[in-house]
Structure formats: C-alpha cells, structure tokens
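So you can see what is in the structure, the chains are spelled out below.
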Amino acid sequence: MTAIPWLSILMGVSVLGALGVSFLKNDKLAKQATLGVSLLVLVLAVVMTVGFSPNGDRFQYAETYDWIPSFGVHYAVAVDGVALVLILLSAVLVPIVVLASWHDAEQGKRSVRTYFALLLVLEAMMIGVFAATDVFLFYVFFEAMLIPMYFMIGSYGGAQRSYAAVKFLLYSLFGGLLMLVAVIALYNVADKNSFLFPDLIGAVTDPTTQKWLFLGFFVAFAIKAPLWPVHTWLPDAAAQAPAGAAVLLVGVLDKVGTYGMLRFCLELFPDAAKWATPVVIALSVIGIVYGAIVAIGQTDIKRLIAYTSISHFGFITMGVFAMTTTAASGATLYMVNHGFSTGVLFLVAGFLIYRRGSQFIADYGGVQKVAPLLAGAFLIAGLSGLSLPGLSTFVSEFMVLLGTFERYAVPAIIGTTGVILAAIYILWMYQRTMNGPTAESVAEMKDLNGRERWVVAPLIALIVVLGFFPKPLLDVINPAVKESLVNVKVTDPAPVVAVKEGQ
Amino acid sequence: MEPAEILSHAGGGAISLAWLMIVLPLAGAAILLIGGRATNKWGHLLGVLMSVGAFVVAALVFLQLIGLDPAQRRQSVNLYEFIPGVANIGLLIDPLSISFCLLITFVGSLIHVYSIGYMSHDPDRRRFFAYLNLFVAAMLLLVLADNYVALFIGWEGVGLASYLLIGFWQYKPSAAVAAKKAFVVNRVGDFGLLVAMFLIFAQFGTLSYAEVFPNAAQASQGVQTAIGLLLLLGACGKSAQLPLQSWLLDAMEGPTPVSALIHAATMVTAGVYLVVRSGAAFFPEGSTAGLVVTIVGVATLLAGAIIGTAKDDIKKGLAGSTMSQIGYMMLAAGIGPAGYAFAIAHLITHGFFKADLFLGAGSVMHAMNDEVDMRRYGGLRKLLPITFVTFFIGYLAIIGFPLLSGYFTKDGIIESVMHHNAILGWLAVLGAGITGFYMTRMVVMTFFGPKRWDEKAHPHESPAVMTWPLIILSVFSVGLGAYLILSNRLLVFLAPAVGQPAELPVFHPFSVPGLTTLALVAVGAGIAIAKYGRSEVPVVQPRGSFLTVFARRDLYGDALNEALFMRPGQWLTRLAVFFDNRGIDGVVNGLAAGVGGSSGRLRKIQTGYVRSYALSIFVGAAVLAGAWFVVGTL
Amino acid sequence: MTTHYLVLSALLFAIGGIGVLVRRNAIVVFMCVELMLNACNLAFVTFARQNGNVDGQVIAFFVMIVAAAEVVIGLAIIVTIFRTRRSASVDDASLLKY
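Residues numbered from 1 in each chain as written. Chains lettered and ligands numbered in written order. Predicted model: local features only at pLDDT ≥ 70, side-chain atom pairs only at ≥ 80, totals over all residues.

S.K.: Can you lay out the overall build of chain A for me, pointing to particular residues and giving the numbers?
M.R.: Counting its regular elements, chain A contains 20 helices and 2 strands. For 503 residues, the compact-globule formula gives about 23 Å, and the C-alpha radius of gyration of chain A, at 22 Å, lands near that figure. Counting only C-alpha atoms, chain A reaches 65 × 60 × 45 Å along its principal axes. Within chain A, the proportion of its 503 residues that are buried is 63%. Taking contacts inside chain A between residues at least 6 apart in sequence as the whole, the part at least 24 apart equals 81%. (Helix = DSSP H or I, 4+ residues; strand = E, 2+ residues; numbered from the N terminus. Rg over C-alpha atoms; globule rule 2.2 N^0.38 Å. Buried ≥ 20, exposed ≤ 12 C-beta atoms within 10 Å, placed from the backbone. Contact = placed C-beta atoms within 7 Å.)

S.K.: Explain the overall build of chain B to me, and be specific about the residues and the numbers.
M.R.: On a plain count of helices and strands, chain B comes out with 24 helices and 3 strands. Each of the three principal axes of chain B carries a C-alpha extent, and together these read 115 × 65 × 55 Å. Within the span of chain B, comprising 634 residues, buried residues form 58% of the whole. At a minimum sequence separation of 6, the contacts of chain B that also span at least 24 residues come to 81%.

S.K.: Before we move on, can you summarise the domain arrangement of chain B with the specific residues and values?
M.R.: The domain architecture assigned to chain B consists of domain 1 (7-226 + 240-279 + 287-539) and domain 2 (564-633). Here the C-alpha centroids of domain 1 of chain B and domain 2 of chain B sit 67 Å apart. (Domains from an automatic or database assignment.)

S.K.: How would you summarise the packing of helix 1 (residues 2-22) of chain C against helix 2 (residues 26-51) of chain C if you had to cite specific residues and measurements?
M.R.: Residues and elements named next belong to chain C. For the pair helix 1 and helix 2, the least separation of the axes is 8 Å and the interaxial angle reads 165°. Put simply, helix 1 runs roughly antiparallel to helix 2. The way helix 1 lies across helix 2 gives a crossing that is left-handed. Where helix 1 abuts helix 2, its residues Thr2, Tyr5, Leu6, Leu8, Ser9, Leu12, Phe13, Ile15, Gly16, Gly17, Gly19 and Val20 lie against Val28, Val29, Cys32, Val33, Leu35, Met36, Asn38, Ala39, Leu42, Ala43, Thr46 and Gln50. (Axes fitted to C-alpha atoms, helices over the stretch in contact; angles between N-to-C directions. Parallel < 35°, antiparallel > 145°, perpendicular 65-115°, else oblique. Left-handed = near helix turned anticlockwise from the far one by under 90°.)

S.K.: Describe the interface of chain C and chain B, listing the residues and the values that go with them.
M.R.: Taken together, the contacts link 10 residues of chain C with 11 residues of chain B. Taken together, the residues of the side of chain C that touches chain B break down into 6 nonpolar, 2 polar and 2 charged. (Nonpolar A, V, L, I, M, F, W, Y, C, P; charged D, E, K, R; others polar.)

S.K.: Explain the sheet that holds strand 3 (residues 87-93) of chain B to me, and be specific about the residues and the numbers.
M.R.: All names here are of chain B. Pairing within the open sheet is mixed, and its 3 strands lie in the order 1-2-3. Either end of the sheet is taken by a strand with one partner, and the two such strands are strand 1 (7-8) and strand 3. Across 2 bridges, strand 1 lies against strand 2 (residues 75-83) in parallel orientation. Bridge pairing in strand 2 places Ser8 opposite Ser76. (Pairing = 2+ DSSP bridges.)

S.K.: Break down helix 18 (residues 422-447) of chain B for me, with residues and values.
M.R.: Residues and elements named next belong to chain B. Relative to the 38 Å expected for 26 residues at 1.5 Å per residue, helix 18 spans 37 Å between its end C-alpha atoms, a close match to the ideal helical length. Counting buried residues in helix 18 gives 21 out of 26 residues, a clear majority hidden from the surface. Just downstream of helix 18 lies Gly449, where phi reads positive at about 70°. (Expected span 1.5 Å × (residues − 1).)

S.K.: Residue-level account of the interface of chain B and chain A, with values.
M.R.: Of the residues lining the interface, 47 residues belong to chain B; the matching set on chain A comes to 45 residues. At the level of secondary structure, the elements contributing two or more residues to the side of chain B that touches chain A comprise strand 2, helix 5 (148-166), helix 6 (173-204), helix 7 (209-212) and helix 23 (557-602) of chain B. Broken down by element, the residue count for the side of chain B that touches chain A peaks at 17 residues, all from helix 6 of chain B.

Dropping the structure here:
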C-alpha cells in the first residue's frame, strides 16, 4: 500500500475549501460549506489519528519533497504524538468555532464569506505549523498564520480592532524576525545543507552559539505563547477579536509558542535550554501568579479570560522547562485541554456578550435565573478554567505541578497558589454575572438556542470525558515526550524512598 | 497493632461491585442535570432511589467484608488506569471506608427523603436532588479511593457540590457570596493537600495508599512532619478547623437539608477521615504533626462552642456546634491509634444526632416561614410535638446525657486525650460544659417559654416524609454510641484499617473526668435555663457585652481575614492591573510611540525644496569624497 | 598645462553647484546643472588628451547626449509647472514632501 499523504490532504482540503467558500455568492451557503469542509477535515484527522501507532516510529505520515534544493529547504511534514494531538485539537475546534461564529461576521468590514474562508485558511496554517518537520517550512507557517488572524481581528473585531490587530501583528512579527535570523544562522552553523529538523538535532555544539540561537527561537515563542512580560498583546487581541477568532487565537495559535519551545528550543539547543531553565521557570511562575492576580482585577469578561490564559500558559512553560516526563507530558496535555477549556469559556462568554452587547462584567447580574443553561455552561467552562478535578484541565495541571515539584519544589509550590487565585477569579466573575438579583438589562435574555447547544455540548463532553479518562491522549503523548527528553539528555529524578514494585 | 496490609482484591462478591456505590448516584445526577425539565416530575424519586441503591450496595459490601478474616479486610479494587505512571482510579474497601460509606449513604438517604418534603415548594427541586446525588457520589469516591489522586477528585467534588448547594438560592447575594467563600477557603486547604501529594510523589514515586503507607517511615522525619502538616491544612479547609473555619457559618445560607448532610454529617468530617486514613503513616503517636492536629482540634472545639453560645440564628448556632464537635474528632485523631476509634465513633454518632438536630431545625423553619431567628420562636413544643421530641433527643445526645450516643463517644475522647495530655483533656471537658450551655439555650429559646412569633406565622407539624427521617435519626442518636463503644466494637472492627493501641481502653462510667464533664454540662445547662428559661427573652437582639459581641462576630475571624487577606489582596490586584496597563503595556506602547514619534520628526527632513535635496546630495558627495581621501591616505 | 584646465573645470563646477543651491529660478538652476555637466566634460577631455586615449572624449559625448535628453524632459516639466502655477520658482514646487 502506498502511503496516503494524510497531512497534505488535511491542508489541501482546508485550502481548497477556503477557495471554494470565497467564490460562493450566498452567505448562508458559504457558512454551510465551511462547516462541511471543517467537519470533513475533522473526520480525516480522526481517521489519521486512529491509524497512528503511539509506540511506532516517532514521526509518522512523513512526506518529504524538495522545495528549494540549493538551500536544502524541503516541504517536509510528519507528526509525532505531540503534534498529532495539537492537530486534532485544531481540527476539533474549527467546526465548533464555525458553528459558534454563525452571526459574528455580519457586522464586519468585509463580507461574511471572507471571514469563513479565512477560518479555513487559518486551519490549514495551523495544521501545517504543527506538522512541519523542516525548520524553514515551520517558520513560513509560523509567520503566515498571522495573516488570516490579522484580518479576522482587524476586520471583524470590536471597537478597538485596528489597534489590537496591529499590536498583535507587530508584536508577533518582531518575534518572528528574531526567529528568522536564528533559523538562518542555525542553517549556516549546522552546515548540513538541510533545514530538516531531524538533521539539525545535535548539530550545534558550541555552547555560546547554542545560547544565541536558543534566544532567537525562544523570544519568538515566548511572545507567541505569551510568557510574562511579553504578554500584553494577548488581552487586547483576545478582547477585540470576535469570540470564534479569540478561541483559535488563544486555543491554538498560542500553543505554537509552547509547542515550539518543547520541540525546537529544547531539542535543538539542549544545553542552552538547561542554561536558561532557571530564568524561564521564574518567568513562568511570575506569569502564573501575576496573570491570575491581574485577571481578578479585570472588568471586561474577555480580557479576564485572556489573563487567565496567561496564567495557564505559565503552567505550560513551567511544565516544558521542568524537563521531567510527567511535567512535559502534562504540559502537552495542558495545551490540548486548555484549548478546549478556554475555547468553551470564550464561546459561552461570546454568546453572553452577543445577547447583551457589552463586555463589561458590571452590566450583568442574575443571568442564571433567566438563562439557566447558559449559566450552567458558563459555570462548567469556568470550573474547567479553575482546574476542578473531574474535568480535563485538572489532570494536566496536576501533572505539570507534580512533575515540576520533582525537580523544582519551590516554583511548584508557588505555582500551586494559582489554584486558589483561579477559584477567586472564576467564581467571582461567575457570581457577578450569573448570581444575585436579575439585572434589568438582562431580564429578557434568551437561553441557549439549538445551534449554541451544539457548540457547547461537544466541548463540555470532551472536557468531562478527558477529565476522567485522559489515558488515550496520554498514551499518544507520552512516548513522543519521552523521545524529546532523550534528545535533551535528561532523566527524571528518582524518588527519595525506593518503593518496592507491586505488593 | 499496625494496620493490616492492603491486598489486591481477587474478584467476586459485592466488593468487586463496590464501584456501583459511586456510579449510581453519579448517574442520578447526570440524568437529572442532562434530562432537564423533562425529569421534573420524578426527579426527586430518582434521586432518593439512587441514594438508597448506594446504601444497599454499601450494606452488601459491608456484609461481605465482615465475613472475611480481619487480616483480609483491606482490599483494593483497581478500576482503571487514570494517569499512566502516576495514578489509577481504584477503591479501597476496608473497615474505615465502609463505615463512612454506611454513614454517608444511610444518613444521605434519609436526608434525600426529608428533602422531598422540605423542597416540595421549590421549582428547582430536581436540580437540588441532582446536586445531592452528585455530592453523595463525590463523597463516596473520597472515602473509597485507594490513592490520594482519586481522593482528591472526590475531595474537590464534594467541594463543588457544597458550592452548588450553598448557592442553591443563588438569587440571594448572600448565598452566592457564601458559596464562593466556601469554595475559595476550601481551595486554600486544597493547596495544602496538593503540595502534600507532590511531596509524597517526589518521595515515594507513587500516590497509592498501598505503596505509600508501609514505606512512610523510611522518609526523613522532617518530610514526614511536612507531609502531615500539609495534609492537616487540607483537613482544616474541608472540616472548618481553625484557621480556615470562617466559611462554615456562612455556608448556612444553603437549604437546611444541605446543612444537615454536607455541613454537619458528612463532608465536613472529610478532614477527620484524611487524618485518620493517613494517621499511621504521617501522624504517628507522639509526632509533631499529631500534636499540631490536637492543638488545632482543641482550639476549634473551644472556638466553635464559644461562637455557638451567642448566635440567635438557629442554624448558625448548630454550625458553631458542628465546628466544635469536629474539633473533638480532630483532637482524638491527633493522639494516634488510641483516639482513632473514638474519633470515628464520635463522627458517626455526630453524623446522626447533628443531622437530627439540623433537620429538626429545618422542620421548625418550615413551620415558621423560614424564620431562623430563635428570638422569634418560643413555646413550639406543643405545636411541633414530633420535631420537639426528636430534637430533644438529639440535644441530649450532643450534650452527652448519660447513656445516649454522645455520652459514650465524647466521654471516650476525653478519657483517651486525658491519658495523652491532661491540659488538652481538661480543655475538652470545658468545651463539653459550654456545649451544655449553648444547646440548652437553643432548646429553651425554641421550644419553651412564651411564643414570640408574630401573627403571620402559623406553626404546624411537618409532613410525614419529613418527620420519619427525624424519628429514625433520633432512634440511632439514642443507641448507636453505646453499641459502638461498649466492648470496643468499633475499635476492634477498625483495627485492620487504622491499627489499635497496645492496651484496649476500658469504659469507666465514674471516672473523674467523666463526672466532671457531667457536672460542667449540668452547670452550663443550668445557666442557660436560668438565663433564658426563667427570664424573658427579648425579641430584638440586645447589644450584649464585649464577650457576647466577640462570639457573635465569629471571634472576629471574618474581620481578621478581611484585614489580613482581602484588603491587601484588593490593593495588590489594583496595583497589578495598574502595573500591567501602565507599566508593562506602557513600555510596549511607549516603544511603539517612540518609534512613531521619532519617525514623525525624522520625516520633516523631506521639505519638498529642491535646493535642500541638492544640498544634501552635495554634502553627501563631499563626505564620501572626504572619506575616500581619508581611507586612501591610511 | 593640465592643471589650468582642471582648475577651470573645478571653478565651473563650483559655480554651477552654487548656482543650483542658491538660485530659485528653475531655468537658471537648470543652466547651472548644465554648467556642472560641462565642467565634467572639460575634465574628461583634459584627461583624455593627457593620457592619449579617446575614452574621455567618448564619455564626454555620452554626457552631452544625456544632457540633451535631460534638457528635453526638464524643460518640458518646467514649462508644465509654469503653465499651471504661473511661476518658474523651484520653491513653489514643494508639494511633494513629508
């Protein structure tokens, strides 16, 4: 059997779908077509996942074609467990976002069909960036992703959309250009006439060079993630973006940063990564606590959610740089779970804001009484944001902290205070919007309609199921993470007390 | 005697079906929540059925367990792999967990039944039963878990159920605030529990009881103490012990059955469970951690009792009493194997008589248009005869009236603590005296004296669906203590799970501490009768002395929290938001503005005058030529 | 001998340059540019004669051709500007700025 080029098919379907949608004259048809295409991509992605063997080769579904042979640039895509789950995350979120954004693009500056075509282009880019195994190709996707997102924020966003879109674009470009320098330097230093990721592992040995190149990559990823203190573009972008775009921005795009740290920063520059670890862990811990505290003080629902994400990204980077199997697997799982959890939080907040026309918490109150389903969905989404056990986010947060504690006890303990702060920011927001006497302005608010239920239900189901049964995902993630850590040449610290196996 | 080894269950019998205990109520909750309004008609019945079903399973498991040899009575049932390499979901069936299961499902079922009547007028009754079922499932997972991770899932699950039920009437701002407060304060405790788990995992590489407990002694002394203290922090949060007690009194905003089930009989005792469960490993006899547990217990039992003396809200009075009684359990749990059996015995009997008292209070409120102020009660014993009799039995049980439940269990605690540390023992005796005062005050103000309610209230006895649970609970409140304590029944039964002291305690009916306790209780009751029975009780709360206000304001616990955490926290938050907007984002925007500004200034060079361009060309050429000359001469 | 030619060339170039910088009338500026070009031509031709080859002469022809082309286009622009603005001052044509 000849190998089916799954990854190219996934991207191709999205891009062709985007082209098709942009030529449709009828908006309604465009929406339905987008939904159909994204569902098709989801089905294909699921089929691909089923065929993935977690304990087989690290990279599977590999395709390699020469692109610019004189510089060793390839169109090379393949997935390992980490990339696979993130592609799956994108494939799951896009149809949900399409369904959720049904009416979001109607007030935009550009046409409705453009919005949906952009969504599909973005999906192709997201798949490409996770699948690329050629560093140059990765860079191309990394930057190209900005374009559809820029237009989605800039043309369909809230009142301050231009400010937010330009800030987002310039901030990301700044990091991207540093990375470009590092990519080119890496190519020259490695001197393998190849940008292929496997060729470049271990190619840079000089410690000083490693550090500089590491920094080039790391700054780009830190801005993307975003890590404190280069986070301030996120609240603006997320608050101004339409809810669906915010979901993809925070849920998937930002994961490219943390994914890049795990994949490129750690594996290509292991010594430099270890050199930088104390600083990165410190920044992560600051991010966890700082993001949470600032979230508590927000008055705008979407900005609040954005700040909770900054806190959560602190957990992810901490898990990546703790360099233990548990922490790194937890961090990878966190990327997926955070995508679902923040996704549903943004979407439900979007429904709420769409009804009332205001992002300010103070404009709400007592919604639970008039729209119990909406409130219930908001509560579950919020609870997953505060990592309630039984919901998927708990598993990943627990693993990150558990794994980090093995090596860096104090940062893990400080990070654990995040669970207290999370309870405050989520429940206080819930209390102010949903509880208490019903505010007059929301008295007529309608509960979730059928379409919205279909948006929320799959995500909540995923969050609950993965909360009790995370094993399928972890089985895919664990081997890939272990191989990554082998390349970094670290081993897990052994328990202090040797416990005999079994009983 | 050390606890028995935890065996892996070989399969067969009710034990391998123990998971049904959790799944039944969980399914009930899921059906009621997902089913929505379609299940309104029969939702409460399903809720009761699931709870009763869980009780039946628990009883079957219990029967199978007592059929086994004592050394075989700790069996773990692995259900599935949860986080590979970290934890499984598994159940530990042993005498300790099954005792809890029986208590939770039995009292829980009674309270479910009671709630049918109590919540009959509430349009959201179905949701209430869904949450109750959710609570039962989570609580059972908590006590049945065979590792700390599964325990933690249950631990937070009951926290969630508690949050939802305290805030059940969420349209009342006070209820919403109380619910949030309970959750947040509990999270502070959970922080301790989480860090304890990290430390255990870093030390032992596992979180399963079967692997941690036998090896605990190999860890260094300091680590053991640290784990113990962190676990205690978790226990303090859940069990409303000092310094994390403040949420429990506010939690009375929830419907009364919730207060009875969650905030008296079961959930708040989870901390005691945690200490006893980890006791042999991390709170061994004479350890520092154990000592801290006893100190926390004594401090809370006194604080709770003092708070109870000044409350006019019947439920808050009972809440103070709950704090106090759990303090007794903690105290006993802290002294090691000598106290475990008494802690658990008191926990079980307290579960019955406190549920009885709370439901009785609920019945009174039901009769009085949800009035909770005892100053507006009075003389209700004739109008609510069944409620009165059952409440009175509960009252006798809690003050330790001879031969009733509380007499045996509380006396047991005092005796065993007395052997351990006389100061703590006498403080516990003092607490018993205060208990006599505040409980008598409560009974006198509610059921005796002239009526003080206004004309709108029409007190009436509650329907049978509410009184029968009261009757059953009061029957157990009478006899259970004697059954558990005499001939050390519970102690011997629990021994495989928690170990037992070298010499078995012997029940002395006429010991010095026992008699002193009785005397002090009588004095306390006498003062209460003299103060509230003989003289008139003002309907409006008098200002009271400094001490009364001190107790009424929960010993200024809230004020302290507000001053120490809330206000600085608010300032910190404001500061952080300001810093983020002006500081960090200021730098970012400042950079952007700097670049923009300088380019704005720089472009002014383009004047549009040909001659200035020409001049710059000439200057440029001259500079180039000059540079060429300079380089050429070098 | 050569020096005299070069000094003259430099003087003419300097006069032309100053004229470009200080005069406002477009025609005069234009003539000054021509003066500079011709100063260059003079230098080229001088060097050609000194070195005994024709390269400099050839370049002088190129310069003349370029100058002629420039005159055509330049005068056309000046005339157009004069027609629209009624002025031949280069300072008036300063809209293309910032």
